[in-house]
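Structural features, examined
In case you want the letters, here they are:
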Amino acid sequence: MKEVLRKLSETYGPSGHEYRIREIIKEEISGFVDEIREDTMGNLIAVKRASRGKAEAKVMVAAHMDEIGLIVTHIDDNGFIRFSNIGGVSPFISIGQRVIFSNGAIGTVYHEPIEDISKLKLENMYIDIGAQDKESAMKIVKIGDAAGFHRPLEWVGERGIGKSMDNRAGCAVAVETIKKVGRTPNDVYFVFTSQEEVGLRGARTAAYGIAPDVGIAVDVTSTGDTPEAKTMAVKLGGGTAIKVRDASVICNPLVRERLIEIAEANGIPYQLEILERGGTDAGSIHLTREGIPSGVISVPCRYIHSPSEMIDYYDMVNSIELLTKALQSPFKMFAGS
Amino acid sequence: MELRRRDFMDFKEVLKHLSEAGGVSGQEGPVRYIASDALGKYADDVRVDTFGNIVALKRATIQRTNESPRVMLAAHYDEIGLIVTKIEERGFLRFSTVGGVDPRTLPGQEVVVQGREPFVGIIGAKPPHVQSPGESKNVIKLEELFIDIGLSEDEAKKFIKVGDLVNFKRDFVELSDNMVAGKSMDDRAGLVVILKALKELSMLNHQVDVYAVATVQEEVGVRGATVSTYGITPDIGIAIDVTHGHMEGVSKRDTVQMGGGSAISIGPHVHPKLFQSFVDISREVNIPYQIEASPTPAGTDAFAIQITREGVASALISIPLRYMHTSVEVASMDDIKEAGRLIAAFIARIDQQYVEELKCF
C-alpha cells in the first residue's frame, strides 16, 4: 500500500487534470472489479457486483482524485507567469514551492517585494520557470495550463509526508479495499471523483447517474493534536475517523451508527470527527435526487493543502479495514428507501 | 412511521410545543413527532423521507384533469444549536455551532445536550470578581465557552460523545398584544402558518394537490428542501420563513412591521406572477400584508425550490420576527394566522390554467 500511495501522491493531478491518477488506479484495480468506465466529468467508476443474484443495496464509495493547484492567467514580457488558484491555495504556503506542469516543466513560486508580508496575496506572486522572456516561456507554458506542487513522498517512521495526501490517501484506501473486499452482498460502485477541490463537482454528477442507496466518501480530515491547534478531538495515529459533520454534510445518523458498530465489533480504532471548515464528496452525494443517506470515512491528516501533508500508516490501514468490513455487511436497511 | 395523534387547543398551543422541543439541524426527531401529529390532522397522507422531511399531502377536492397541479408549501423545522466537539477534563464540554449562532448570546443560556439521554446543562461565564482588569470589555470568544452538565469526565464520557447535538432550553411565553416569545420561532412559526392554511383549506374547495412539507437542515444550507422538492416535483413552491421585524437599534429599511401582516417577498427568486397574485388576493379578501424586497436568493428554502430539476415557480412569504437566532425570538400570532389565511386563499383560487401561465414568464 505504501508503494501505491507513493505513486498516487507524487503524480500530477490538479482538478480537471486527473487523467494520470485515473491511469494509475485503473492499472491497480484491473482484475479486481467487474466493470470500469469513465464519465464526461472525468470520474472513474469501478463496479464490483454482489456475490449472488440480487444485491442487498447499491453502495457508492467516493474518493476524489484531484489535488489543489495553480492555473496560468498571464505571462509577462520577461517570462514570469502570473497565476490564480485551483482550490484552496495559501499564498504563504506557496512561497518558494516548486511546481510542476503536465508536460514536466518545473517552476518555483515567489512574490514581489512586499512591506507587510501578512498582506501577501496570490496576485502579488508569480511562477518562475527559468525562461529568458515571454516568447521562450510560451513555448513551455500557455494560459490555462495547470501546475501542482512537486514533492516526493517521504516516510518518517510510520508517518508519510508528501503532497496531495488530500486525497490520494483516500484513493489508496479505496484501491486497497477493492483488492481486499472480495464479493459482498452489495453492488459496490467505487467512484474516483474529479473536481472535488473546486466544489464537489465530480461526485455530484456521478451520484446522479448511479443513484445509489447509500454513499460513503473517503477523504482526509484535519487533526487537533498539533501545538495550539483549534479544539478538535481527532489525533494523527488515533485510528480512522468517522465523520459526524463538516461544512458540507451532516452525515446520516444511521450510516454513521452503522460505521461505529462495525468498527467496535471488529476492534478497529476509530475517532468521531467534526470538521468545522471544509467539505467532502458526501456533501454532493447526500443532496442528490431525493436525498441519499451518506457517511464519510476520513484519514486524519496534518497540514492539509500544503506540500507536506502528513498521514499515519496505521490510520490508513484502519480506514481500509473499516471500509472493507462495512461493504461486506448488507446495507439493506437503506435499499429502496 | 406510527403517528401518535395529539389534539391541541389552538395554534398558540401548537406553537408552544413546537418551540420548546429540541430539533437542531440533523437531529430534528423530537419536533418531528409533534409536527407529524399536527400535520396529520389536516392531511390525507403523511410520510417522512430518508432525510427526515415530513411530507403531508392534502389532495385536490375538485379534480379536473388526470393529474392535479402540485403546490408545495415548505417551512423548516430544524433550529440552530451547538455540537459537542470535545469532552475536557473535569467533564466540561467544548462545542461548535450549528447554523448562525451569535456567540455573544451564549453565556448564561440553559441548554439540553442530546447524549445517550438528554442532559440539562448551562453555559457559564467567568464571574466579574475573578476577571483580569479590562477583561469585561472584550467579547467572549466561542473557543472560551463550555457547557457544564455537572458530570465528571468519566461520567460525561459514558453518556456524551463528540458530535452530540445541543439545543437551547427556553420556555415559550406570551407577551402582550398577542405576541409570543421563545426559541426556534424560526421557523416553527412558519410551520404553524402551514397548519393554519391547511385548516382553512379544509373548509374550501381546491383544484391542486397540496404538499405541505416540514423541511430539515435549512439552517445549514437549505438541504432538506433541495431533496424534498426533487421528490415532489411541484408546479409551484411556496417557502414560509421568518424575516426581521421592527426592533430598537435596527433601521426601518431593514425590517418590516410586527403585527402588520406577513411579508410577501419580491426578488429574483420569486416568480413575479406569484408575487402579484399574493398581493391581489390580500387586497381582495382584506388580509394585511407588507412587501419585502429580497435581492439575494440565499438563506431560505425558496432558493432551493426554485432551482430544482427544470426549475419551479417559487414564492416566499415571511413572518415578521424580532431577535432572530436568539432564544427569545418574538412573533405575532396575528401575523401567523393571517399568513395562513392568505396561503389558503391563494391555493383555493388557482387551477391548471394558472399553472400553465406561470411557464410564460
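Residues numbered from 1 in each chain as written. Chains lettered and ligands numbered in written order. Predicted model: local features only at pLDDT ≥ 70, side-chain atom pairs only at ≥ 80, totals over all residues. Heavy atoms only, no water.

**Considerations on the environment of A:Glu273**
Residues and elements named next belong to chain A. With respect to the helices and strands, Glu273 occurs in strand β15 (residues 270–274). Separated by 27 residues in sequence, Glu273 and Pro300 place their C-alpha atoms 9.3 Å apart. Each residue touching Glu273, except ones within four places of it in the same chain, is listed here: Thr221, Met232, Val234, Ala241, Ile242, Lys243, Val244, Arg245 and Ser298. At 2.5 Å, the side chain of Glu273 and the side chain of Lys243 are in polar contact. Among the polar contacts made by the side chain of Glu273, one reaches the side chain of Ser298 at a distance of 2.6 Å. (Helix = DSSP H or I, 4+ residues; strand = E, 2+ residues; numbered from the N terminus. Contact = heavy atoms within 4.5 Å. Polar contact = N/O pair within 3.5 Å; in protein donor to acceptor, adjacent residues only side chain to side chain.)

**Focus on the domain arrangement of chain A**
All names here are of chain A. Assigned domains of chain A: these are domain 1 (2–67 + 163–334) and domain 2 (69–149). One C-alpha centre belongs to domain 1, the other to domain 2, and the line joining them spans 31 Å. Counting residues at the interface gives 13 residues for domain 1 and 13 residues for domain 2. Summed over both sides, the interface of domain 1 with domain 2 buries roughly 1,000 Å², with 62% coming from carbon and sulfur. The three residues of domain 1 that bury the most area against domain 2 are Tyr12, His305 and Pro307, which together make up 45% of that side's buried surface. At the boundary of domain 1 and domain 2, one finds zero salt bridges. Across the contact surface, domain 1 and domain 2 share three residue pairs in polar contact (both at pLDDT 80 or more). Of the residues that constitute the side of domain 1 that touches domain 2, the class distribution is five nonpolar, four polar and four charged. (Domains from an automatic or database assignment. Buried area = accessible area lost by both parts, 1.4 Å probe. Salt bridge = Lys/Arg side-chain N within 4 Å of Asp/Glu carboxyl O. Nonpolar A, V, L, I, M, F, W, Y, C, P; charged D, E, K, R; others polar.)

**As for the pattern of salt bridges**
For the coordinates displayed, the defined rule picks out 43 salt bridges over all chains. Three or more residues are tied together by salt bridges with common partners; here these are A:Lys7, A:Glu28, A:Glu176 and A:Lys179.

**Digging into the layout of surface pockets**
The computed volume of the largest pocket comes to approximately 880 Å³. If you trace the largest pocket, you find 41 residues lining it, with A:Ser222, A:Leu275, A:Glu276, A:Arg277 and A:Gly278 closest to the centre. For the lining of the largest pocket, the secondary structure elements donating two or more residues are β13 (214–221), β14 (240–245) and β15 of chain A together with β5 (93–98) of chain B. Counted by class, the lining of the largest pocket contains 15 nonpolar, 13 polar and 13 charged residues. (1 Å grid on protein atoms, 1.4 Å probe; cavity = no way out; pocket = protein on both sides within 12 Å on 5 of 7 lines; lining within 4 Å. Points joined across faces, edges and corners; volume = space filled by probe spheres on them.)

**Quick word on the packing of helix α4 (residues 185–201) of chain B against helix α8 (residues 333–349) of chain B**
All names here are of chain B. Packing of α4 against α8 brings their axes to within 7 Å, and their N-to-C directions diverge by 50°. By the criterion of interaxial angle, the relationship of α4 to α8 is oblique. Relative to α8, the crossing made by α4 is right-handed. Across the interface between the two elements, Ala189, Val192, Val193, Lys196, Ala197, Glu200 and Leu201 of α4 pack against Ile336, Lys337, Ala339, Gly340, Arg341, Ile343, Ala344, Ile347 and Ala348 of α8. Its residues assigned to classes, the contact of α4 with α8 comprises eleven nonpolar, one polar and four charged. (Axes fitted to C-alpha atoms, helices over the stretch in contact; angles between N-to-C directions. Parallel < 35°, antiparallel > 145°, perpendicular 65-115°, else oblique. Left-handed = near helix turned anticlockwise from the far one by under 90°.)

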